[in-house]
Amino acid sequence: MQGLMMNTPLLITSLIQFAAQYHGDTSIVTRSTEGPVRHSSYGEVFARAQRLANALIDFGIKPGDRIATVAWNTDRHIELYYAISGIGAICHTVNLRLADAELVYILNHAEDRMVFFDTDMSETLARIQTQTKTVDRFVAMTDAAHLLDNGPEGTIDYESFIASASPHHDWAIFDENTAASMCYTSGTTGDPKGVLYSHRATVLHAMASCYASTLNLRTEDVVLPVVPMFHVNAWGVPYSAPIAGTPLVMPGPKLDGQSLFEFMDAECVTKALGVPTVWMSLLDHMDKVGRKPAGLNSVVIGGAAASEAIINRFELDHGVAVNHAWGMTEMSPLGVVNTLKTKYQSLPRDQQMPTKLKQGRAIYGVDLCIVDDDGQELPRDGDTSGRLLVKGPWIVSEYFKAGESALNPEGWFDTGDIATLDPDGYMMITDRAKDIIKSGGEWISSVGLENAAVGHPVIKQAAVIGVAHPKWLERPLLVCVPEGENQPDLAEIREYLAEKVPKLWLPDAIEWVESLPIGATGKVLKAELRNRFAGYTVG
Ligand code: ADP
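Asks: What is the right way to read the side chain of Ser 298 from this model?
Replies: Turning to its location among the elements, Ser 298 is positioned in strand E13 (residues 298–301). Polar side-chain contacts of Ser 298 include one of 3.4 Å to the side chain of Lys 271. Residues in contact with Ser 298, not counting those within four places in the same chain, are Thr 270, Lys 271, Ala 272, Val 320 and Ala 321.

Asks: What am I meant to see in the environment of Glu 102 here?
Replies: Looking at the element boundaries, Glu 102 is found in helix H4 (residues 100–110). On a C-alpha basis, the gap between Glu 102 and Gly 365 in space is 33 Å, while along the polypeptide they are 263 residues apart.

Asks: In this structure, what is going on with the pairing of strand E9 (residues 194–198)? I would like to understand it.
Replies: Moving residue by residue along a regular strand, the side chains alternate between the two faces of the sheet. The element E9 is extensively covered by neighbouring structure, given that 4 of its 5 residues are classed as buried. Strand direction decides the pairing type here: strand E8 (residues 179–184) and E9, joined by 5 bridges, are antiparallel. Its bridge partner being in E9, Ala 179 is matched across the sheet by Ser 198.

Asks: Can you help me understand the environment of Asp 58 in this one?
Replies: Residue position: Asp 58 is located in helix H2 (residues 42–59). Along the primary structure Asp 58 and Ala 165 are separated by 107 residues, whereas in three dimensions their C-alpha atoms are 7.8 Å apart.

Asks: I'm lost on the sheet that holds strand E25 (residues 509–512) in this one. Help?
Replies: Strand pairing in a sheet relies on backbone hydrogen bonds. The paired strands run either parallel or antiparallel. One open sheet accounts for 3 strands, arranged E23-E24-E25; its pairing is mixed. Two strands lie at the open edges of the sheet, namely strand E23 (459–469) and E25, each paired on one side alone. The mean angle between the axes of side-by-side strands here comes to 25 degrees, regardless of whether they run parallel or antiparallel. Bridge analysis of E23 against strand E24 (residues 473–482) gives 10 bridges, and the strand direction is antiparallel. When the sheet's bridge partners are listed, Val 467 is paired in E24 with Arg 475. Helix-sheet contacts for helix H15 (residues 446–453) involve E23 and E24, and the interaxial angle to E23 is about 145 degrees.

Asks: Explanation requested: the pattern of salt bridges in the structure shown.
Replies: A side chain of one charge can pair with a side chain of the opposite charge when the charged atoms of the two come close. Scanning the entire structure with this criterion turns up 28 salt bridges. Of the charged contacts, one joins Glu 176 and Arg 200 as a salt bridge, the two residues approaching to 3.4 Å between their closest N and O atoms. Residue Glu 176 is located in the loop between helix H6 (158–163) and E8, and its partner Arg 200 is located in helix H7 (residues 199–210); the two are separated by 24 residues in the primary sequence. The salt bridge involving Arg 432 is made with Asp 417; its shortest N-O contact spans 3.1 Å. Taken as a pair, Arg 432 in strand E20 (residues 426–432) and Asp 417 in strand E19 (residues 413–421) lie far apart in primary sequence, 15 residues in all. Bridged by salt links that share partners, the residues Glu 34, Arg 38, Arg 48, Asp 75, Arg 76, Glu 79 and Glu 159 form one connected network.

Asks: Please explain helix H3 (residues 75–86) as it appears in this structure.
Replies: Note: α-helices contain 3.6 residues per turn, so residues at a spacing of three or four share the same orientation. Along its 12 residues, H3 runs 16 Å from first to last C-alpha, staying within 8% of the 16 Å computed at 1.5 Å per residue. Where burial is concerned, most of H3 is hidden: 12 out of the 12 residues are buried. Along H3, the residues classified as buried are Asp 75, Arg 76, His 77, Ile 78, Glu 79, Leu 80, Tyr 81, Tyr 82, Ala 83, Ile 84, Ser 85 and Gly 86. Just past H3, the residue Gly 88 takes up positive phi, approximately 85 degrees.

Asks: Where do I start with the packing of helix H11 (residues 276–289) against helix H12 (residues 308–318) in this structure?
Replies: Packed helices, taken two at a time, are described by the angle their axes make and the gap between the axes. Two numbers describe how H11 lies on H12: the axes approach to 10 Å, and their chain directions differ by 35 degrees. Both H11 and H12 take part in a crossing whose hand is left-handed. Across from Pro 276, Trp 279, Met 280, Leu 282, Leu 283, Asp 284, Met 286 and Asp 287 in H11, the residues of H12 making contact are Ile 310, Arg 313, Phe 314 and His 318. Of the residues assigned to the contact of H11 with H12, the class counts are 8 nonpolar, 1 polar and 3 charged.

Asks: Would you mind going over the sheet that holds E8 with me for this structure?
Replies: Strand order in the open sheet made by the 7 strands is E7-E6-E5-E3-E4-E8-E9, with mixed pairing throughout. Only two strands of the sheet have a single partner each, and these edge strands are strand E7 (156–157) and E9. Here strand E4 (residues 90–93) runs beside E8; their pairing, made up of 3 bridges, is parallel. Of the residues in E8, the one forming a bridge with His 92 is Met 182.

Asks: So what exactly am I meant to see when it comes to the pairing of strand E5 (residues 112–117) here?
Replies: Of all 6 residues in E5, 5 are buried, a share of seventy percent or more. As defined by bridge partners, strand E3 (residues 66–70) adjoins E5 across 5 bridges and the pair is classed as parallel. Bridging from a neighbouring strand, Ala 68 pairs with Val 115 of E5. In the sheet, E5 pairs with strand E6 (residues 137–140) via 4 bridges, with the strands oriented parallel. In the sheet register, Val 115 faces E6, and the bridge partner there is Phe 138. For the segment spanning E5, helix H5 (residues 122–128) and E6, crossover handedness is right-handed.

Asks: It is not clear to me how a negative patch on the surface should be interpreted in this structure. Could you clarify?
Replies: Residues Asp 489, Glu 492, Glu 495 and Glu 499 make up a contiguous surface patch of negative charge. In this fold, Glu 492 is placed in helix H16 (residues 490–498). With a relative accessible area of 43%, Glu 492 lands in the partly exposed category.

Asks: Would you explain the domain arrangement of the protein chain in this entry?
Replies: Size of an interface, as often reported, equals the accessible area lost when the parts are brought together. Domain boundaries assigned for the protein chain yield domain 1 (13–29 + 39–216 + 230–239) and domain 2 (437–532). Placing a centre on the C-alpha atoms of domain 1 and another on those of domain 2 gives a separation of 39 Å.

Asks: I keep staring at unusual backbone geometry and nothing clicks. Help me out?
Replies: Glycine aside, residues mostly have negative phi angles, and peptide bonds mostly take the trans form. Omega for the peptide link from Ser 332 to Pro 333 comes to 5 degrees, which places this bond in the cis form. Structurally, the position occupied by Pro 333 is in the loop between strand E14 (321–327) and strand E15 (334–337). Even without being a glycine, Cys 268 presents a positive backbone phi close to 55 degrees. Cys 268 gets classed as partly exposed once you look at its relative accessible area, which sits at 43%. Phi at Ser 332 is positive, roughly 75 degrees, even though this residue is not glycine. Topologically, Ser 332 is positioned in the loop between E14 and E15.

Rules used throughout
Residues numbered from 1 in each chain as written. Predicted model: local features only at pLDDT ≥ 70, side-chain atom pairs only at ≥ 80, totals over all residues. Heavy atoms only, no water. Helix = DSSP H or I, 4+ residues; strand = E, 2+ residues; numbered from the N terminus. Polar contact = N/O pair within 3.5 Å; in protein donor to acceptor, adjacent residues only side chain to side chain. Contact = heavy atoms within 4.5 Å. Buried < 20%, exposed > 50% of the residue type's maximum accessible area, 1.4 Å probe, protein only. Pairing = 2+ DSSP bridges. Axes fitted to C-alpha atoms, helices over the stretch in contact; angles between N-to-C directions. Salt bridge = Lys/Arg side-chain N within 4 Å of Asp/Glu carboxyl O. Expected span 1.5 Å × (residues − 1). Left-handed = near helix turned anticlockwise from the far one by under 90°. Nonpolar A, V, L, I, M, F, W, Y, C, P; charged D, E, K, R; others polar. Right-handed = clockwise from strand over helix to strand, strands pointing away. Patch = residues over 30% accessible without salt bridge, like charges linked within 9 Å, V, L, I, M, F, W, Y side chains within 5 Å. Areas by Shrake-Rupley, 256 points an atom, 1.4 Å probe, with all protein chains shown as cover. Lys, Arg positive; Asp, Glu negative; His and termini not counted. Charge placed at Lys NZ, Arg CZ, Asp CG, Glu CD. Domains from an automatic or database assignment.

This is the structure:
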């Protein structure tokens, strides 16, 4: 027997419609690419999204067409999210830090018909314009006065593009499984692959993001997503914040520690989300000025592991609570978020720390399990590690144009991460499958070793890769960026690490470098490091 309830499709438009109706005057403040701070609101964004939707249709955009954005976190970018998906087209967010060849590959693979871009990308897009095969129109996300003349041929400014369109749009109702947006994986795991999010997945993910045990979005907060809108839709914040009626502060292109600090301070940001490299630069500035941005009380750290050092700097030095989180492009992206269950809350800090360092706790909507190399499920004992598999309504089933399932025969998606799970659902990443160091018959967690290393006062950043060893096949090489002048020798670092990691993990060599290669999504490029140290042997 079927239930007798309304079968209302879960469409993205409903999110902004809700926010415009009930939180219409809630602010969206943007540091614009042109420079000045711009003030908008959910009401205004919704009104302008209607005009934009009409302009797109007038231009000839049809349902299913892909439209690229190559842009920072701004109010106009939010308008694009809603207008494009709202007419059944697909908002393809492109990482603007990619090299020319990758940009060309992605725009052509997606067959984007239009490109909306921030003006600082004018030159880059002009350079690659002739190589883009399907783009009919480039639109600079600015007004006529700020349009640069170095952009792609035929570029029009955003304000002129929407100016003559009708201000009212009747949003179509369609199947909730229709594609809404698209994002390519960052390619740290091979060729970039397109992940095509549906309206249904996006809405469910947005609803789950608001839970107290996930991002805990509230009307009382002021949220700044440092994580870019081209990096898995800024972890879904432009979709989840409207549900909660949370004011947004959009940082535009200025993401260095000082700029972030000043903007957060001025706009009384209470919660911010980003990757560890961004937080390191903010923390350095906080240390320099001796305080936190006035309103800041929590940060979410994801995309790469949050070390104990970074958590302590936020929590102990500045009184800013940290929530660790894990996810991936293929998961919309939220997989787990770390909030402490009641039983851990009264424990002394040193006993809480092992749990706080885990990537997070299972959330309703994402099934997790770990398996061995033969696919046999492993125990959830917090100790055994295995390949992490996931399942759920906001997880990829197939990559764009792949023509084959991305899942195993049982319907699980293999994350490529190696992790432990405990009975409470806390998951801890011990490595990427391809980064794990196989020493003799044992596995050494490069992530575990890196986290321990950055706890040393003279190690600012650390990355561990496997290098050849005649007996053990592979042993860890610790590559470090020093904090200041002091570069202790291997023996001293091993002595420090000996208290923190198993003896087998102690690195066989250390190399000091000026900087680590960081990819377009703020992660250390292990593949590049492996190239740099190719042929390195120990033992
Ligand atoms: P890519 O896989 O191309 O680097 P993603 O941005 O989708 O692009 O990255 C997802 C991966 O990032 C995860 O599979 C995991 O390896 C890593 N990751 C994400 N969050 C964390 C975290 N909190 N701790 C450790 N690794 C993380």
